[in-house]
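Geometric and topological summary
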Amino acid sequence: GSCSGWASNHRMNSLSSAQPSRFERFGLYYLNLFSRYRTDKSAFGQTDEELARQVRWISTKGIVLSSLVGLVCVFPIIYVDVLFADAPAWLHLSWVGGVLLVATALEFYLLFYISLRAVHRVSELVHMEDLMHESLQDGVFGVKNILARTALEIQDPELKILGIDPFQRISKKNLFVLGLLYKGKIIVSNLLLKFGLRVTVGNRLFGIPILYAAIPVEIFWNSVVIRKVIHEARLRIFGYVLANRIADTVSAEGYLSVLSPAAKKGCLRAIGNAVVMTQNYHPNMVILLLRFKDLLQIGEEDRYDDWQLFLDTLREVNERERNFLLDLLTVAAAFDGKLSRIEKEHLQEAYQEDSALYVARLTALTRHLKQGRLNAALALCRLDFVKG
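The sections below set out a description of the structure shown in this document. (Residues numbered from 1 in each chain as written. Predicted model: local features only at pLDDT ≥ 70, side-chain atom pairs only at ≥ 80, totals over all residues. Heavy atoms only, no water.)

1. Section: the overall build of the protein chain
A count of helical and extended segments in the protein chain gives 16 helices and two strands. Split into buried and exposed, the 388 residues of the protein chain put 50% on the buried side. Counting contacts in the protein chain only where the partners sit at least 6 residues apart, residues at least 24 apart contribute 82% of the total. In the structure as shown, the protein chain presents an accessible area of about 19000 Å², 60% of it carried by carbon and sulfur atoms. (Helix = DSSP H or I, 4+ residues; strand = E, 2+ residues; numbered from the N terminus. Buried < 20%, exposed > 50% of the residue type's maximum accessible area, 1.4 Å probe, protein only. Contact = heavy atoms within 4.5 Å. Areas by Shrake-Rupley, 256 points an atom, 1.4 Å probe, with all protein chains shown as cover.)

2. Re the packing of aromatic side chains
For any two aromatic rings, the description comes down to two numbers: the centre-to-centre distance and the angle of the planes. Evaluated as defined, the whole model comprises 19 aromatic pairs. An angle of 40° between the planes, with centres 6.3 Å apart, marks the rings of Tyr30 and Phe34 as tilted. In this structure Phe34 comes out as buried when scored by relative accessible area, which is 7%. Ring-pair connections join several aromatic residues into one group, and the members of that group are Phe23, Phe26, Tyr29, Tyr30, Phe34, Phe108, Tyr109, Phe112 and Tyr113. (Phe/Tyr/Trp six-rings, centres within 6.5 Å; stacked < 30°, edge-to-face > 60°.)

3. Thoughts on a nonpolar patch on the surface
Where nonpolar side chains cluster on the molecular surface, the patch consists of Val64, Leu65, Leu68, Leu71 and Val72 and spans about 410 Å² of accessible area. Counting through the fold element by element, Leu65 comes out in helix 3 (residues 48-83). Judged by its relative accessible area of 35%, Leu65 is partly exposed. (Patch = residues over 30% accessible without salt bridge, like charges linked within 9 Å, V, L, I, M, F, W, Y side chains within 5 Å. Salt bridge = Lys/Arg side-chain N within 4 Å of Asp/Glu carboxyl O.)

4. Comments concerning the environment of Gln54
In this fold, Gln54 is placed in helix 3. With 71 residues separating them in the primary sequence, Gln54 and Leu125 have C-alpha atoms 8.0 Å apart.

5. With respect to the nonpolar core
Grouped together as the largest cluster of nonpolar side chains are 98 residues, with contacts concentrated most on Val126, Cys267, Leu288, Phe292, Phe324, Leu329 and Phe335. Looking at this core element by element, the count peaks at 14 residues for helix 9 (residues 214-252). When sequence neighbours within four positions are dropped, the list of residues in contact with Cys267 reads Leu256, Leu259, Phe292, Leu296, Phe324, Leu325 and Leu328. Counting residues in hydrophobic clusters, the runner-up holds six residues, among them Ile77, Val80, Phe84 and Val96. (Core = buried A, V, L, I, M, F, W, Y, C linked by side-chain atoms within 4.5 Å.)

6. What about the pattern of salt bridges?
A complete count under the given rule lists 13 salt bridges for this structure. Salt-bridge contacts for Asp306 lead to Arg303; the nearest nitrogen and oxygen are separated by 2.8 Å. A residue is classified by how much of its surface remains accessible, and Asp306, at 19% relative accessible area, is buried. For the salt bridge of Arg361 with Asp327, the shortest nitrogen-to-oxygen distance reads 2.6 Å. Of this pair, Arg361 sits in helix 15 (residues 355-371) while Asp327 is found in helix 13 (residues 319-334), placing the two residues 34 residues apart along the sequence. Across the pair, exposure class does not vary: Arg361 and Asp327 are buried alike. Ionic contacts of the salt-bridge type, sharing partners, join the residues Glu253, Arg382 and Asp384 into one network.

7. Description of helix 14 (residues 341-351)
Among the residues making up helix 14, those that are buried are Ile342, Glu343, His346, Leu347, Ala350 and Tyr351. Relative to the axis of helix 14, the buried residues are bounded by an arc of 140° and lie together on one face. The exposed set on the far side of helix 14, more than 90 degrees from its buried face, consists of Arg341 and Lys344. Against helix 10 (261-278), helix 12 (307-316), helix 13 and helix 15 lie the buried residues of helix 14. Looking one or two residues past helix 14, Gln352 carries a phi angle of roughly 50°, positive in sign. (Arc of directions from axis to C-beta.)

8. Let's talk about the side chain of Arg236
Summarising the element assignment, Arg236 is placed in helix 9. Residue Arg236 is classed as buried on the basis of its relative accessible area, which comes to 10%. A polar side-chain atom of Arg236 sits 3.3 Å from a polar atom in the side chain of Thr150. A polar contact is formed between the side chain of Arg236 and the side chain of Glu232, at a distance of 2.7 Å. With sequence-adjacent residues up to four places away left out, Arg236 is seen in contact with Ile146, Thr150, Asp156, His282, Pro283 and Asn284. (Polar contact = N/O pair within 3.5 Å; in protein donor to acceptor, adjacent residues only side chain to side chain.)

9. Re the side chain of His282
Within the element layout of this structure, His282 appears in the loop between helix 10 and helix 11 (283-296). Separated by 3.0 Å, the side chains of His282 and Glu232 make a polar contact. Setting aside chain neighbours within four positions, we find His282 in contact with Glu232, Leu235, Arg236, Phe335 and Asp336.

10. A look at the packing of helix 13 against helix 14
Two elements in contact, helix 13 and helix 14, have axes whose closest approach is 11 Å; the angle formed by their N-to-C orientations is 170°. Between helix 13 and helix 14, the interaxial angle falls into the category roughly antiparallel. On helix 14, the residues touching Arg322, Leu326, Leu329, Thr330 and Ala333 of helix 13 are Glu343, Leu347, Ala350 and Tyr351. Per-class residue counts for the contact of helix 13 with helix 14 are six nonpolar, one polar and two charged. (Axes fitted to C-alpha atoms, helices over the stretch in contact; angles between N-to-C directions. Parallel < 35°, antiparallel > 145°, perpendicular 65-115°, else oblique. Nonpolar A, V, L, I, M, F, W, Y, C, P; charged D, E, K, R; others polar.)

Structure representation (structure tokens):
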């Protein structure tokens, strides 16, 4: 008993002691500086329409500011490029390189600041400070750490919790390549636009050098990125709120205390397999996993990401417990706001004859989370012993 307790504590300590990157600490610094904007109503005291309207305003403001940043920071680079076009190559490159370096650094800094402000503002819509659970206060999955990574588009840490490996079904090389392609999208689109304009209209369009085509490209991508950041922040914030509400509700209603030992482990297997099928440690799922791990007082590893063991558990438990586990599986699978091909294939095995019932709920919940309808999502997150 003492050995298993030591192992459990060791694993939890490794989770809480995992250090954020320097870039993430930059985000945390600003999130701690920002003053608190408090709405009059708590997370579930606002209608979905109210929340959507406020998020749209935050998004619009972020898009406008990021577009202005793109305009202001790209213009001098192009201006210098045109101005020194006929100068000796060394002078031309020196000016362009120097201005490019300064303008790019300034643009990145301002965009990061705008993103952090926007993410912080979205979090204040639902009174995040009031919803923090003591078991999630610190560490890499603390609220502010999650928000910092969201705003700065930093990958979530690759940690194994209870032995669950989210990348067992996907190549890390593929993830790296996809990351490079994502980061290179602005350069590629810029080059393609300039090449297309050169071929069709020459070096000038309406008397303006086509180098200035980089400005609308930069504005477009800055707008896309800030919108993506805010939508992901909303998903993560709402997921955090829902995960805590779900855990608090099942605890208050005493559902977990009446589960058999097999069904209790089945809860962690439901979430663990959802993590694996999603192929990343999305914070929403991690929060749900950590809350249930804490409520169930389970700390030892036991192949919680083994799909076959979860299917065996569904056959082993009684019908009421099976309904509870399928509820939890459905909620966990929807929590990242999308459904992967692997999820669609495997979930049929778990749902079996009840597939139509649960897939309809899963699809609706995923859609509500993706579109930021918090209250509508909450209505589909109920865990009980009733089928569907």
